[in-house]
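Below are the chains, spelled out letter by letter.
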Amino acid sequence: MERRNAWLSYTEAEEKELEKVAKEYRNFLDVGKTERECVTQIIKEAQEAGYECLEEKAAKGEKLKAGDKVYTVGMKKIVALFHIGQDDIAEGMNILGAHIDSPRLDIKQNPLYEDTDFAYLDTHYYGGVKKYQWVTIPLAIHGVVAKKDGSVVQVNIGEDENDPIVYITDLLIHLAGKQLQKTASEVIEGENLDILIGSRPLKDLEDDKKKEAVKQNVLNILKDKYDIEEEDFLSAELEIVPAGKARECGLDRSMIAAYGQDDRVCAYTSLLAMLEMEAPKRTACCLLVDKEEIGSVGATGMQSRFFENATAELLDAMGCYSDLKLRRALKNSSMLSSDVSAAYDPAYGDAFEKKNAAYFGRGIVLNKFTGARGKSGSNDANAEYVARVRNIFDSHEIAFQTAELGKVDVGGGGTIAYIAALYGMEVIDSGVAVLSMHAPWEITSKADVYEAKKAYKAFLLDA
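Small disclaimer: the values here were computed from a predicted structure and weren't measured.

1. Some points on the pattern of salt bridges
Now for step 1: Enumeration over the complete set of coordinates arrives at 35 salt bridges.
Now for step 2: We note a salt bridge from Arg104 to Glu35, for which the minimum N-O separation is 3.5 Å. Taken together, the positions of Arg104 in strand β5 (residues 104–115) and Glu35 in helix α2 (residues 35–48) put the pair 69 residues apart, joining distant regions of the chain.
Now for step 3: The closest approach of N and O atoms between Asp88 and Lys325, which form a salt bridge, is 3.1 Å. You can see Asp88 sitting in the loop between β3 (78–83) and β4 (93–99) and its partner Lys325 sitting in helix α7 (residues 323–331), a full 237 residues away along the chain.
Now for step 4: You can call Lys325 buried: its relative accessible area is 19%.
Now for step 5: The network of salt bridges with shared partners includes Glu19, Arg26, Glu248, Arg253 and Lys446.

Structure (structure tokens):
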């Protein structure tokens, strides 16, 4: 059941549309390197497409009806968009669910220190990372600093071409004999992922302050540019991410190289599909969540009550809320858990079972189940639902493939699918194949990005 490479079937018009989608997607990656930045851009594009804030409409007492388009945001890190359909919402919604957080390094609350005329920021890694991949590459600082007066300072250092970057050092090869004997998981230790941010001491300091003259210089720079003090790190959310814009990859420009494509490639194509919807029969929903990389925990993760509460508020604004109707709306829904798959990599072919692997250029990937070992921690989609999704994709001439996450017992992973399934709704994982997943720079195929957008739109229309 080998699937055909999608590139072989495109017309000139389709290739033009593909390049348009790829360009828009690269721009989204450039402006959305944190979950907060993603939500800001998502709201911007949603408003341009006619979406309005659910809470604002409710506060005005405006009753929602079929055709209305609304969004709701939680803590600036999680967002749900709804396009109300003609059918009774108790009959269910068509839902696209993806996550907008990505592996990174987070600045600790008490991070700044000086050692031997170098100033550093101490970090704690977030999500599953190969720590050795984060050294000796250009890095940027993104995030916010919340001050005691209630103001919030936006921080973005390292992206503008005139900005400095920050950096994590590594031991030179000439002295690395003992280091190279360590396993890959130990060669760079998590506690040593400290960010080099300065080496220039302030002049004319008092004797008792000279030992931290470089640190003081950094603090003066932060004070001048952002009006923040060292104590303000206590209430900051600063994320260290790879610096630089998303790039076309390959001499044929067929691929995209960028940070954060897990899972922003599925999040953005889901958003595009949602914004292109016109008068859906069933209510369409696009849910983009935080904290998936650390277990979907917290108030902005999928395990929170955000989505359930958002749906309840929607029903209330439609004038039809009841607990039973809410439960029915969730239970009768159909969902694509839009998350990435591991692309087959010939350089590491031993990790994959080739008949059940995802391949570049062959379209969106359906994962009936994820998990590890004996499918532990997975949502195993019902066969009838898989058949229904297959039919939708075939009817709309979507290139798709099926896959598992590597060979049995080699590894494993999970998504938000099993959490949504707790409501009793039908869910299957469906996303884009990624090379070098969770690396600082990941690779996707433009063809797969394009097919994902088409697939998500077809699902919203016909599921």
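Resuming the write-up.
2. Brief notes about the packing of aromatic side chains
Now for step 1: Tallied over the entire structure, the rule returns 10 aromatic pairs.
Now for step 2: Here the aromatic rings of Phe28 and Tyr268 are separated by 4.6 Å at their centres, their planes lie at 20°, and the arrangement is stacked. On the criterion of sequence distance, the pair formed by Phe28 in helix α1 (residues 12–31) and Tyr268 in helix α5 (residues 261–275) is long-range, its members being 240 residues apart.
Now for step 3: Residue Phe28 is classed as buried on the basis of its relative accessible area, which comes to 1%.
Now for step 4: Of the residues examined, Tyr268 reaches a relative accessible area of 3% and is grouped as buried.

3. Describing the pairing of strand β6 (residues 118–126)
Now for step 1: In this sheet, β6 lies alongside β5 in antiparallel orientation, the contact comprising 8 bridges. What sits directly across from Ile107, in β6, is Thr123.
Now for step 2: Adjacent in sequence and paired antiparallel, β5 and β6 are bridged by 2 residues, among which Thr116 carries a positive phi angle near 55°.
Now for step 3: For β6 and strand β9 (residues 195–198), the ladder comprises 3 bridges, and the chain directions are antiparallel.

4. Re α1
Now for step 1: Compared with the 28 Å implied by 1.5 Å per residue over 20 residues, the 29 Å span of α1 between its first and last C-alpha is a close match.
Now for step 2: Of the surrounding elements, those touching the buried residues of α1 are α2, β11 (247–249), β12 (255–258), α5, β22 (442–445) and α10 (446–462).

5. Let's talk about the sheet that holds β22
Now for step 1: Taken in spatial order, the 3 strands of this open sheet run β11-β12-β22, and their pairing is antiparallel. The open sheet has two edge strands, β11 and β22, and neither has a second partner. Each adjacent strand pair in this sheet contributes to an overall mean axis angle of 35°, direction not counted.
Now for step 2: Relative to β22, β12 runs antiparallel, the two sharing 4 bridges. Opposite Ala257, over in β22, you have Ile443 as the bridge partner.
Now for step 3: Here α1 sits on the sheet and contacts β11, β12 and β22; the angle it forms with β12, its principal contact strand, is near 5°.
Now for step 4: Packing of α10 onto the sheet brings it into contact with β11, β12 and β22, and relative to β22 it is tilted by some 65°.

6. A short note on the environment of Cys285
Now for step 1: Along the chain, the position of Cys285 falls in strand β13 (residues 283–289).
Now for step 2: If near-sequence neighbours (up to four positions away) are discounted, Cys285 is found in contact with Leu81, Phe82, Met93, Asn94, Ile95, Leu96, Met274, Phe307 and Leu460.

7. A short note on the side chain of Gln41
Now for step 1: Note that Gln41 resides in helix α2.
Now for step 2: With near-sequence residues (within four places) excluded, Gln41 lies in contact with Asn27, Phe28 and Val31.

8. Observations regarding α5
Now for step 1: Here α5 contains 15 residues, and its C-alpha end-to-end distance of 20 Å stays within 8% of the 21 Å for a straight helix at 1.5 Å per residue.
Now for step 2: When you tally the buried positions in α5, you get 15 out of 15 residues, the bulk of the element.

9. Describing a negative patch on the surface
Now for step 1: Where like charges cluster on the molecular surface, the negative patch consists of Glu55, Glu56, Glu313 and Asp316.
Now for step 2: Among the secondary structure elements, those contributing two or more residues to the negative patch are α3 (54–59) and α6 (306–317).
Now for step 3: By the element assignment, Glu56 lies in helix α3.

10. Quick notes on a nonpolar patch on the surface
Now for step 1: Together, Leu171, Leu172 and Leu175 give the surface a local cluster of nonpolar side chains, amounting to about 280 Å² of exposed area.
Now for step 2: Structurally, Leu171 is set in the loop between β8 (152–157) and β9.
Now for step 3: Among the residues examined, Leu171 registers a relative accessible area of 40% and is labelled partly exposed.

11. Observations regarding the nonpolar core
Now for step 1: With 63 residues, the main nonpolar core has Ile42, Leu81, Leu336 and Phe393 as its most contacted residues.
Now for step 2: Non-local contacts of Leu336, meaning those with residues more than four positions away in its chain, are made with Ile95, Leu96, Gly97, Tyr385, Val389, Phe393, Ile428, Ser430, Tyr456 and Phe459.
Now for step 3: Ranked by size, the runner-up nonpolar core spans 35 residues in total, among them Leu112, Ile195, Leu238 and Ala243.

12. Some details on the sheet that holds strand β16 (residues 364–367)
In sheet architecture, strand pairing relies on hydrogen bonds along the backbone and comes in two forms, parallel and antiparallel.
Now for step 1: If you trace the 9 strands from one edge of the open sheet to the other, you get β1-β2-β3-β13-β4-β14-β20-β16-β18, paired in mixed fashion. Since the sheet does not close on itself, it has two edges, and those belong to β1 (52–53) and β18 (400–402), each with one partner.
Now for step 2: Pairing analysis gives 7 bridges linking β4 to β13, with the strands arranged parallel. Within the sheet, the bridge partner assigned to His99 lies in β13 and is Val289.
Now for step 3: Contacts between α5 and the sheet are confined to β3, β4, β13 and β20 (426–431), with β4 contributing the most and set at about 150° to the helix.
Now for step 4: On the sheet, helix α8 (residues 383–395) packs against β14 (334–337), β16, β18 and β20 and is oriented at approximately 50° with respect to β20.

13. Re unusual backbone geometry
Now for step 1: Of the consecutive residues Asp262 and Asp263, the connecting peptide bond is found in the cis state with omega at 15°.
Now for step 2: A positive phi is found at Asp227, a non-glycine position, where the angle reads about 55°.
Now for step 3: Summarising the element assignment, Asp227 is placed in the loop between α4 (213–226) and β10 (236–242).
Now for step 4: The class of Asp227 is partly exposed, set by a relative accessible area of 38%.
Now for step 5: The phi angle at Glu397 is positive, at roughly 55°, despite the residue not being glycine.
Now for step 6: Mapped onto the elements, Glu397 comes out in the loop between α8 and β18.

Here is what the cut-offs are and how they apply
- Per chain, residues are indexed from 1 in the order of the written sequence.
- With pLDDT at 70 or above as the cut-off, local features in this predicted model cover only qualifying residues; side-chain atom pairs require 80 or more to be listed or tallied, and sums for whole chains, interfaces and linings still use all residues.
- Side-chain descriptors were evaluated using all non-hydrogen atoms of the structure, hydrogens and water having been removed beforehand.
- We define a salt bridge as a side-chain nitrogen of Lys or Arg found within 4 Å of a carboxyl oxygen belonging to Asp or Glu.
- Numbering of helices and strands runs from the N terminus; a helix is a DSSP stretch of H or I covering at least four residues, while a strand is a stretch of E covering at least two.
- Exposure classes here rest on a 1.4 Å probe applied to the protein chains alone. A residue is buried below 20% of its type maximum, exposed above 50%, and partly exposed in between.
- Note on aromatic contacts: the rings of Phe and Tyr and the six-membered ring of Trp form a pair at centre separations within 6.5 Å, being stacked when their planes are under 30 degrees apart, edge-to-face when over 60 apart, and tilted otherwise.
- Paired strands are those between which DSSP finds at least two bridges.
- Any helix carries an expected span of 1.5 Å times its number of residues minus one.
- By the convention used here, residues are in contact when the closest approach between their heavy atoms is within 4.5 Å.
- Helix axes are fitted to C-alpha atoms over the stretch in contact, other axes to C-alpha atoms as well, and angles between N-to-C directions run from 0 to 180 degrees.
- Distance thresholds for patches are 9 Å for like charges and 5 Å for nonpolar side chains (Val, Leu, Ile, Met, Phe, Trp, Tyr), applied to residues having over 30% relative accessible area and no salt bridge.
- All accessible-area figures derive from a Shrake-Rupley calculation using a 1.4 Å probe, and residue coverage is judged against the displayed protein chains alone.
- Charge counting follows a simple rule: Lys and Arg are positive, Asp and Glu are negative, and His as well as the terminal groups are ignored.
- Charge placement uses NZ in Lys and CZ in Arg. For Asp and Glu, CG and CD serve respectively.
- Each nonpolar core is a collection of buried residues, namely Ala, Val, Leu, Ile, Met, Phe, Trp, Tyr and Cys, held together in the definition by side-chain atoms within 4.5 Å.

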